[in-house]
Amino acid sequence: MIQEKLIKKAQQYLANTYTRYPIVVTKGEGCWLWDLDGRRYLDFLAGISVCNLGHVNPNVCDGVIAQAKKLFHVSNLFYTEPQIKAAEILVEHSFGDKVFFCNSGAEANEAAIKLARRYSWKKYGEKRHEIIVMENSFHGRTMATVSATGQPRFHEGFVPLLEGFTCVPFNRIDLIAEHLSGKTCAVMLELIQAEGGIYPAKKEYVKKLRDMTASKDILLIIDEVQTGIGRTGKFFAYEHYDMEPDIMSLAKALGNGFPVGAIVGKGHVMEAFEPGTHASTFGGNPMGAAAITTTLNTLIDDGIIKHCEEVGKYLHKGLLSLKKRYPFIVDVRGMGLIWGIEISTDGNELVKEFLQEGVIINCTKGNILRLVPPLIVKKEEIDIFIDIANRIFERKKG
Ligand SMILES: *Cc1c(COP(=O)(O)O)cnc(C)c1O
């Protein structure tokens with residue numbers, strides 16, 4: 001009752017940019033959420049691949065609270081220890097040499113786009129500013145990142161877009177070769193197209209793409225906003241591909257729910273950012289930096305990535321068993337703990353049924369169920385998910 005009243009109020013006061021689940025969430029712990037009526041839900045969405053260490057992780061919580069009591073914010077006109085520490089951990093565990101901090105995935109990609117243009121401009125002058133992007137990609141909602149996003153549904157009503165993006169089909173090296181030109185400064189892609197429906201890049205494709213871009217000093221930007229921070233069973237998705245990008249963007253799970261973003265880049269590339277070229281008032285602020293440091297330390301110290309790889313295999317097995325049983329499951333794709341179940345019926349209806357059964361999942365593209373549970377998920381919790389999926393799918397089949 002109170003819940004329904006609040007939802008009415010939300011519809012009155014909040015911009016109508018989201019189709020929301022009809023519950024008011026009040027509390028989270030591990031893989032579980034509670035609503036205002038006290039009902040408990042198994043969360044296989046994790047704030048959209050954000051709360052990789054589970055909801056309200058005690059280490060991150062304590063780290064942020066301790067920092068909040070010392071210093072909320074001071075601006076990037078000063079050095080702070082938390083920011084330096086956060087950058088050091090990111091560099092130590094990646095291909096990169098330097099970090100720029102911001103507050104979201106779109107901002108991180110925005111920074112990557114600006115950095116690529118600036119790097120090319122400094123070295124080669126004007127007119128070498130084009131970025132090749134992928135059909136079916138998703139890079140964010142700012143004008144530059146919407147322009148970089150290869151899905152027309154995100155463009156509707158927002159033209160004119162930013163110039164300088166050439167969109168090509170994903171996983172097609174012949175088309176990359178065809179479109180690279182003297183004007184190209186970068187190629188930008190996700191290694192698993194996530195919003196696009198969980199489509200992984202092929203190994204051979206990424207290898208050739210890396211060689212091709214490196215030979216022409218064209219930067220390779222990998223959007224790891226959703227795939228980074230252990231999600232795929234490695235620290236970063238690029239580690240599955242035996243190569244290193246020039247720039248990667250991070251956000252989502254980087255602060256386990258605290259709003260932070262970053263780009264990590266190779267030293268000679270990051271040098272194109274000089275004082276005055278790019279900035280963010282809140283980027284790397286002490287609380288955000290504390291969230292990053294405690295998130296990454298917990299991920300490493302608690303062996304979460306190894307756990308993700310293991311239970312990811314377990315979940316995959318369960319999903320394959322579902323696929324065998326239900327003919328409306330067309331495909332199961334993913335790695336680690338990012339999985340898509342492609343179905344031949346309406347996915348949004350199924351998401352509602354899962355919610356009624358106390359499980360939170362989501363649907364992209366209308367027919368691809370997306371599973372991105374916290375990386376700390378236990379096998380018993382995966383069993384609960386598979387049981388409930390069986391119950392729902394059995395009804396659907398019947
Ligand atoms: C979510 C997402 C973004 C956008 O991140 P925001 O924090 O919502 O701006 C960009 N790229 C990818 C791959 C994402 O999944």
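Residues numbered from 1 in each chain as written. Predicted model: local features only at pLDDT ≥ 70, side-chain atom pairs only at ≥ 80, totals over all residues. Heavy atoms only, no water.

A.B. asks: Would you take a moment to explain the nonpolar core for this structure?
C.D. replies: The nonpolar side chains of a soluble globular protein tend to be buried with one another. The biggest cluster of nonpolar side chains holds 96 residues, and the ones touching the most others in it are I176, F385 and F393. Composition of this core by domain shows at least three residues from each of domain 1 (2-57 + 303-397) and domain 2 (58-301). With sequence-adjacent residues up to four places away left out, F393 is seen in contact with L322, Y326, F328, I329, L350, F354 and L369. Counting residues in each nonpolar core, the second largest holds 25 residues, with A148, C185, A186 and I221 among its members. (Core = buried A, V, L, I, M, F, W, Y, C linked by side-chain atoms within 4.5 Å. Buried < 20%, exposed > 50% of the residue type's maximum accessible area, 1.4 Å probe, protein only. Domains from an automatic or database assignment. Contact = heavy atoms within 4.5 Å.)

A.B. asks: How should the sheet that holds strand β4 (residues 98-102) be read in this particular structure?
C.D. replies: Strand pairing in a sheet relies on backbone hydrogen bonds, with the paired strands running either antiparallel or parallel. Taken in spatial order, the seven strands make up an open sheet running β4-β12-β11-β10-β7-β5-β6, and their pairing is mixed. Each of the sheet's edge strands pairs with one partner strand only, and the pair in question is β4 and β6 (165-168). Across the sheet, the mean angle from the axis of one strand to that of its neighbour is 20°, orientation sign disregarded. Two strands pair when backbone bridges link them, and strand β5 (residues 130-134) and β6 are joined in this way by four bridges, in the parallel orientation. Its bridge partner lying in β6, I132 is registered against T166. (Pairing = 2+ DSSP bridges. Helix = DSSP H or I, 4+ residues; strand = E, 2+ residues; numbered from the N terminus. Axes fitted to C-alpha atoms, helices over the stretch in contact; angles between N-to-C directions.)

A.B. asks: Please explain helix α10 (residues 286-301) as it appears in this structure.
C.D. replies: Residues separated by three or four positions in an α-helix point in the same direction, a consequence of the helix having 3.6 residues per turn. Compared with an ideal rise of 1.5 Å per residue, which puts 16 residues at 22 Å, α10 spans 22 Å between its outermost C-alpha atoms and is within 8% of the ideal. Counting buried residues in α10 gives 13 out of 16 residues, a clear majority hidden from the surface. With a side-chain oxygen positioned 2.8 Å from the backbone nitrogen of M287, the residue opening α10 is N285. In the segment just after α10, G303 is the residue with positive phi, at about 60°. (Expected span 1.5 Å × (residues − 1). Polar contact = N/O pair within 3.5 Å; in protein donor to acceptor, adjacent residues only side chain to side chain.)

A.B. asks: Is there a simple way to think about the site of the ligand in this case?
C.D. replies: Not every one of the 13 residues close to the ligand is listed here, only the nearest: G105, A106, D223, Q226 and K252. The backbone of A106 places a nitrogen or oxygen atom 2.7 Å from an oxygen atom of the ligand. Take D223: an N or O atom from its side chain is 2.8 Å from a nitrogen atom of the ligand. Starting from 390 Å² of accessible surface for the ligand in isolation, the protein chains cover 81%. No other element matches helix α5 (residues 105-124), which puts three residues into the shell around the ligand. (Near = heavy atom within 4 Å. Areas by Shrake-Rupley, 256 points an atom, 1.4 Å probe, with all protein chains shown as cover.)

A.B. asks: Help me out: how do you make sense of the domain arrangement of the protein in this one?
C.D. replies: Note: interface size is frequently given as the accessible area lost on complex formation between the parts. The assigned domain composition of the protein is domain 1 (2-57 + 303-397) and domain 2 (58-301). Distance between the C-alpha centres of domain 1 and domain 2: 26 Å. Contact between domain 1 and domain 2 buries roughly 2600 Å² in total, counting both sides, with carbon and sulfur atoms accounting for 59%. Contact with domain 2 buries area across many residues of domain 1, yet N57, I305 and M335 alone supply 26% of it, more than any other trio. (Buried area = accessible area lost by both parts, 1.4 Å probe.)

A.B. asks: Got a minute to help me understand the packing of helix α3 (residues 58-70) against α10 in this structure?
C.D. replies: Two quantities define a packed helix pair, namely the angle between the axes and the distance from one axis to the other. The interhelical angle for the contact between α3 and α10, taken along N-to-C directions, is 155°, at an axis separation of 8 Å. Taken together, α3 and α10 sit at an angle that is classed as roughly antiparallel. In the packing of α3 onto α10, the handedness of the crossing is right-handed. Here α3 contributes N59, V60, G63, V64, Q67 and A68 to the contact with α10, which in turn contributes P286, M287, A290, A291, T294, T295 and T298. Among the residues making up the contact of α3 with α10, the classes are represented as seven nonpolar, six polar and no charged. (Parallel < 35°, antiparallel > 145°, perpendicular 65-115°, else oblique. Left-handed = near helix turned anticlockwise from the far one by under 90°. Nonpolar A, V, L, I, M, F, W, Y, C, P; charged D, E, K, R; others polar.)

A.B. asks: What is the right way to look at the sheet that holds strand β16 (residues 362-364) in this model?
C.D. replies: Spatially, the four strands line up as an open sheet ordered β13-β14-β17-β16, and their pairing is antiparallel. The two strands at the open ends of the sheet, each matched to only one other strand, are β13 (329-335) and β16. Adjacent strand axes in the sheet meet at a mean angle of 25° when their direction is disregarded. Sheet topology note: the β16/strand β17 (residues 368-371) ladder contains three bridges and is antiparallel. Within the sheet, the bridge partner assigned to T364 lies in β17 and is I368. Of the strands in this sheet, β13, β14 (338-343) and β17 are in contact with helix α11 (residues 304-325), which crosses β13 at around 175°.

A.B. asks: Is there a simple way to explain the packing of aromatic side chains in this structure?
C.D. replies: For any two aromatic rings, the description comes down to two numbers: the centre-to-centre distance and the angle of the planes. In this structure the tally under the stated criterion is twelve aromatic pairs. Plain terms: the ring middles of F170 and Y205 are 6.1 Å apart, the flat faces sit at 75° to each other, and that makes the pair edge-to-face. Of this pair, F170 sits in the loop between β6 and α7 (173-179) while Y205 sits in helix α8 (residues 203-215), and the two are 35 residues apart along the sequence. The same class applies to F170 and to Y205, which are both buried. Ring centres of F236 and Y238 lie 5.9 Å apart, and the angle between their planes is 5°; on these two criteria the pair is classed as stacked. One aromatic cluster in this structure is built from F44, Y326, F328, F354, F385 and F393. In this structure, R333 packs its charged tip against the face of Y199, placed 4.0 Å from the ring centre. A cation sits over an aromatic face here: K379 above Y314, 5.1 Å from the ring centre. (Phe/Tyr/Trp six-rings, centres within 6.5 Å; stacked < 30°, edge-to-face > 60°. Lys NZ or Arg CZ within 6 Å of the ring centre and 35° of its normal.)

A.B. asks: It is not clear to me how the side chain of K266 should be interpreted in this structure. Could you clarify?
C.D. replies: One can find K266 in the loop between β12 (261-265) and α9 (267-270). For K266, a relative accessible area of 19% gives the class buried. When neighbours within four sequence positions are excluded, K266 is seen to be in contact with F95, D97, E244, P245 and D246.

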